[in-house]
Structure formats: structure tokens, C-alpha cells
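A closer look at the structure
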Amino acid sequence: MSAPYALSAEITHRCPLHCPYCSNPVELRKREDELTVDEWLRVLEEAGELGVVQVHFTGGEPLLRPDLDQLIRRARELGFFVNIITSGIGITEKRVQQLAEAGVDSMQLSVQASEPELADYIAGFKAHDLKRQAAGLIRAGGLPLHMNVVLHRQNIHLVEDVIELCVSWGAKRLELANTQYYGWAMVNREQLLPAKRQLLAAEQAFMRATERFGKSIELIWVLPDYYEDFPKPCMGGWGKISLTVTPDGRVLPCTAASGIKSLRFESVKEHELGWIWRESEAFNTFRGFDWMAEPCKSCDRRFQDFGGCRCQAFLLTGDARLTDPVCQRSPHHHKLAEFVALMNEREQGLSPDDDRDAPLFSYRGM
Ligand code: SF4
Ligand code: FES
């Protein structure tokens with residue numbers, strides 16, 4: 001069994017934004033359920049003993065925890081690389097300075113679109129201008145600025161403009177993540193899945209931008225797996241390289257795993273992190289290859305993709321042991337293909353004349 005190298009510390013589910021593509025669970029945890037700072041400090045110690053080298057403080061919005069600086073400082077003392085994944089809302093010059101002094105290594109700022117009005121509509125909050133200011137403050141504070149945008153039916157036509165915007169805001173790296181359908185994104189799947197035509201145009205725009213901006217920004221394209229023939233090697237294999245701790249202390253093999261209702265996830269309140277990684281049922285159920293059924297069991301691609309994504313298998317078939325239906329060899333692949341075909345018959349995206357007061361999405365909320 002390998003040691004995990006990355007820990008996603010979801011320190012809160014609270015968030016000023018309401019993004020409909022959020023991969024957080026639909027049952028969000030309230031403030032009163034969150035781990036205390038002492039419990040998080042213990043999680044960090046145990047993560048260090050386990051071999052973790054990177055910590056991503058995420059949420060929700062991690063800046064809403066006033067004890068974040070204390071956690072960053074301890075994470076740095078333990079030798080971790082520390083990244084913060086943030087909406088940027090609430091950042092001030094002083095806050096950036098405090099984060100830098102605590103030792104944060106990188107800030108990953110999200111953006112929803114290149115057009116402010118559309119971006120605010122997607123976020124369900126007037127966020128875009130605050131994000132522009134946050135980007136400026138992060139750069140002025142000397143912290144490396146990384147950005148990410150989640151791509152979907154309502155913004156994918158703007159890929160090139162989004163890249164240009166992130167370059168102009170000073171980002172050194174931009175992750176263009178096609179929506180993965182878990183949590184709130186699954187609820188909003190019909191409003192989010194782009195048509196194939198949109199996707200092909202976006203891929204071309206991405207290639208153009210790659211040439212145009214060269215080495216001035218590192219661009220990462222996260223594949224839209226509903227349009228692939230074979231599944232992604234989700235999480236690099238279950239229980240193999242990373243783990244997530246939820247705001248209330250449950251330990252998951254991936255951020256979306258709480259959606260698998262057939263598994264029980266142990267909590268750091270009751271068990272040491274190393275025990276959960278090595279011994280708990282949830283981490284061992286899909287570790288390795290022995291759990292696989294056909295067609296994965298005898299397929300030579302299993303060493304590349306580990307049978308795909310367990311969360312997706314559960315969401316689309318009700319059984320997390322089955323082959324990810326993205327795989328064309330899955331007996332359930334036709335369900336996904338039919339959904340994709342149906343969405344391709346629908347009109348695409350919001351038009352500028354659409355009524356933005358009429359909510360298109362089920363917005364993320366407590
Ligand atoms: Fe991967 Fe299983 Fe499909 Fe083979 S059958 S390609 S191992 S998901
Ligand atoms: Fe959970 Fe793929 S998102 S295993």
C-alpha cells in the first residue's frame with residue numbers, strides 16, 4: 001500500500017457563492033458540525049506521519065475560517081506544500097499579507113466566466129469584480145496566482161476569453177475543468193452538459209490559446225468524461241495517492257465519495273488518520289484490482305484507469321462496484337449515451353436576451 005501524498009482539507013462548507021456545478025454534497029455540513037482548530041491541527045500532524053506532502057485547504061470558502069492562518073502555519077512547520085482554493089471573496093491587502101506570513105505557497109482563485117454579468121449569474125452572487133480585485137491583491141502580495149474555471153454549457157463558448165482574462169489578471173496557471181457530475185453538478189446536469197458542437201469549438205479555442213499565450217501561462221484541460229469512450233483513472237486509483245477530510249471530520253478517498261451511500265466513512269473524531277487510510281473498510285473496498293467484476297476484471301485497460309470512477313458508477317447505476325458507465329464496454333453505457341444524445345438535441349446555453357431573474361439552476365445552498 002502506498003502513502004498518500006495529498007490531503008484535501010475541506011475546512012468548511014460555508015461559502016458566499018452558490019455555484020450550480022459544485023462537487024460538494026447536496027447535504028452540506030453546518031458551522032456547528034465543523035471540526036475545531038485543535039482537531040484540524042491533529043489531522044495535520046497525522047497526515048504528516050502518514051507521508052502526505054501537499055495540503056489543499058478548500059471548502060466551501062476556506063477564508064471563512066478565522067483559524068486558517070494557524071492551520072497554514074502548522075502545515076508549513078510540518079513541511080507541507082500549502083495551497084488554498086478560494087473564491088477570493090473577502091480578501092483584503094491585510095488578509096493577503098497574513099496568509100503570506102503564515103507561509104502559503106499558492107492561491108488558486110476560481111472564476112466563472114469572462115463576462116461579468118454571466119459570471120455573477122453563474123455564481124449566484126455579485127462576485128466577478130471582487131475576484132478581479134482579489135487577483136490584483138494576491139499578485140501585489142507576492143503570492144503565486146493560479147486560477148480555475150469550471151466549464152459547462154453556459155460558459156464553454158467563452159474559453160478563449162476566459163484564458164485571456166486570466167492572463168490579464170496575472171495567473172501563472174489555469175485549470176480549465178470540464179464539469180464532473182457529482183453533488184450539485186449532478187443536480188444541475190441538464191443545465192450544465194455542453195453539446196458536442198460546443199465542446200469541439202472549445203477544444204479548438206483551447207489549442208489556439210495554447211499557441212497564442214505560449215509559456216506565459218500554464219494551461220490544463222480537464223477532459224469532459226461524458227464524451228470519452230473510456231473512463232478517467234479517477235483519483236489515480238481508489239485509496240492510492242490522496243484523501244479528503246470533510247468539514248465534520250469524515251475521511252473520504254475522494255471529494256465526492258460521500259455520495260456513495262453504500263459505504264461507511266470513518267471520522268477523525270474516532271480514529272487516527274493512518275488507521276483510516278490503512279484499515280478502514282471504505283478505503284479498502286475498491287483498493288487495487290481484486291474487487292472488480294467483469295468487464296473490468298479481465299480488461300487490460302484496468303491498470304490504466306482502475307475501472308474508472310466509483311462515485312460515477314454509484315450515481316449512474318446505484319452500485320459503486322460496477323464499471324464506470326463512461327466506458328463503452330460497460331453494460332450501462334447506453335444510459336449515459338442516451339442522456340448525452342438527448343442533451344445534444346436541446347438548445348444550447350443562455351442567450352443574452354434570456355431573463356436572468358428566472359433561475360435556470362438549482363443553486364448550491366445550505
Ligand atoms: Fe477500464 Fe473497466 Fe472499461 Fe476496461 S472495462 S476500459 S478496465 S472501465
Ligand atoms: Fe470519487 Fe471518482 S470522484 S472515485
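Residues numbered from 1 in each chain as written. Chains lettered and ligands numbered in written order. Predicted model: local features only at pLDDT ≥ 70, side-chain atom pairs only at ≥ 80, totals over all residues. Heavy atoms only, no water.

So, the overall build of the protein
The helix and strand tally for the protein stands at 14 helices and nine strands. A compact globule built from 366 residues should have a C-alpha radius of gyration of about 21 Å, and the protein, at 20 Å, falls within 12% of that. Overall size of the protein, expressed as C-alpha extent along the three principal axes, is 55 × 55 × 40 Å. Evaluated residue by residue, the protein yields a buried proportion of 56% over its 366 residues. Long-range contacts, defined as pairs at least 24 residues apart, comprise 75% of the intrachain contacts of the protein with a sequence gap of at least 6. (Helix = DSSP H or I, 4+ residues; strand = E, 2+ residues; numbered from the N terminus. Rg over C-alpha atoms; globule rule 2.2 N^0.38 Å. Buried < 20%, exposed > 50% of the residue type's maximum accessible area, 1.4 Å probe, protein only. Contact = heavy atoms within 4.5 Å.)

A look at the nonpolar core
The biggest cluster of nonpolar side chains holds 91 residues, and the ones touching the most others in it are Phe57 and Leu176. The greatest single-element share of this core, amounting to seven residues, is contributed by helix H1 (residues 37-50). Beyond its immediate chain neighbours, meaning those up to four positions away, phenylalanine 57 contacts Ala9, Ile11, Leu44, Pro62, Leu68, Leu71, Ile72, Ala75, Val82, Asn83, Ile84 and Ile85. Counting residues in hydrophobic clusters, the runner-up holds 19 residues, among them Ala256, Ala257, Trp291 and Phe314. (Core = buried A, V, L, I, M, F, W, Y, C linked by side-chain atoms within 4.5 Å.)

Thoughts on the site of ligand 1
Around ligand 1, the structure places Phe230, Pro231, Pro295, Cys296, Cys299, Arg301, Arg302, Asp305, Gly307, Thr323, Cys327 and Arg329. Taking a 2 Å distance to the grid points as the criterion, the majority of the atoms of ligand 1 fall inside the largest cavity. Residues that form the shell around ligand 1 fall into these classes: six nonpolar, two polar and four charged. (Near = heavy atom within 4 Å. 1 Å grid on protein atoms, 1.4 Å probe; cavity = no way out; pocket = protein on both sides within 12 Å on 5 of 7 lines; lining within 4 Å. Sits in = over half its atoms within 2 Å of the grid points. Nonpolar A, V, L, I, M, F, W, Y, C, P; charged D, E, K, R; others polar.)

Points about the packing of helix H6 (residues 159-168) against helix H9 (residues 196-213)
Interhelical geometry of H6 versus H9 gives an angle of 30° and a closest axis separation of 8 Å. Our classification of the angle between H6 and H9 gives roughly parallel. Here H6 contributes Val159, Glu160, Ile163, Glu164 and Val167 to the contact with H9, which in turn contributes Ala202, Ala205, Phe206, Arg208, Ala209, Arg212 and Phe213. Classifying every residue of the contact of H6 with H9 by side-chain character gives eight nonpolar, no polar and four charged. (Axes fitted to C-alpha atoms, helices over the stretch in contact; angles between N-to-C directions. Parallel < 35°, antiparallel > 145°, perpendicular 65-115°, else oblique.)

As for empty space enclosed by the protein
Applying the stated rule across the entire model yields two cavities of 30 Å³ or more. Lining the largest cavity are 13 residues, with Cys296, Cys299, Asp305, Thr323 and Cys327 positioned closest to its centre. Residue composition of the lining of the largest cavity, by class: six nonpolar, three polar and four charged. Of the volumes computed, that of the second largest cavity is approximately 60 Å³. (Points joined across faces, edges and corners; volume = space filled by probe spheres on them.)

Concerning the sheet that holds strand E9 (residues 251-252)
In any sheet, the strands associate via hydrogen bonds between backbone groups, in a parallel or an antiparallel arrangement. Spatially, E7-E6-E5-E4-E3-E2-E1-E8-E9 is the arrangement adopted by the nine strands of the open sheet, whose pairing is mixed. The open sheet has two edge strands, strand E7 (218-222) and E9, and neither has a second partner. With four bridges joining them, strand E1 (residues 6-10) and strand E8 (residues 242-245) adopt parallel strand pairing. Within E8, the position partnered with alanine 6 by the bridge is serine 242. Of the strands in this sheet, strand E6 (173-178) and E7 touch H9, which is tilted by about 160° from E7. (Pairing = 2+ DSSP bridges.)

Focus: unusual backbone geometry
A cis amide bond links glycine 59 to the next residue, glycine 60, at an omega of 10°. With respect to the element layout, glycine 60 can be found in the loop between strand E2 (54-58) and helix H2 (68-77). The peptide bond linking glutamate 294 to proline 295 adopts the cis configuration, its omega dihedral lying at 5°. Its location among the elements puts proline 295 in the loop between helix H11 (281-285) and helix H12 (302-305). In this model, methionine 235 sits at a positive phi of 60°, which is unusual for a non-glycine residue. Within the secondary structure, methionine 235 sits in the loop between E7 and E8. Positive phi values are uncommon outside glycine, yet phenylalanine 306 reaches one of about 55°.

Overview of the UniProt feature "binding site: [4Fe-4S] cluster" (unreviewed entry) in the protein
With numbering aligned to this structure, UniProt lists the feature "binding site: [4Fe-4S] cluster" (unreviewed entry) at Cys15, Cys19 and Cys22. Position of cysteine 15 relative to the elements: it lies in the loop between E1 and H1. In this structure cysteine 15 comes out as partly exposed when scored by relative accessible area, which is 24%. With sequence-adjacent residues up to four places away left out, cysteine 15 is seen in contact with Gly60, Glu61, Leu64 and Arg364. Inspection of the secondary structure puts cysteine 19 in the loop between E1 and H1. (UniProt positions renumbered as here; feature names shortened; annotations may be inferred.)

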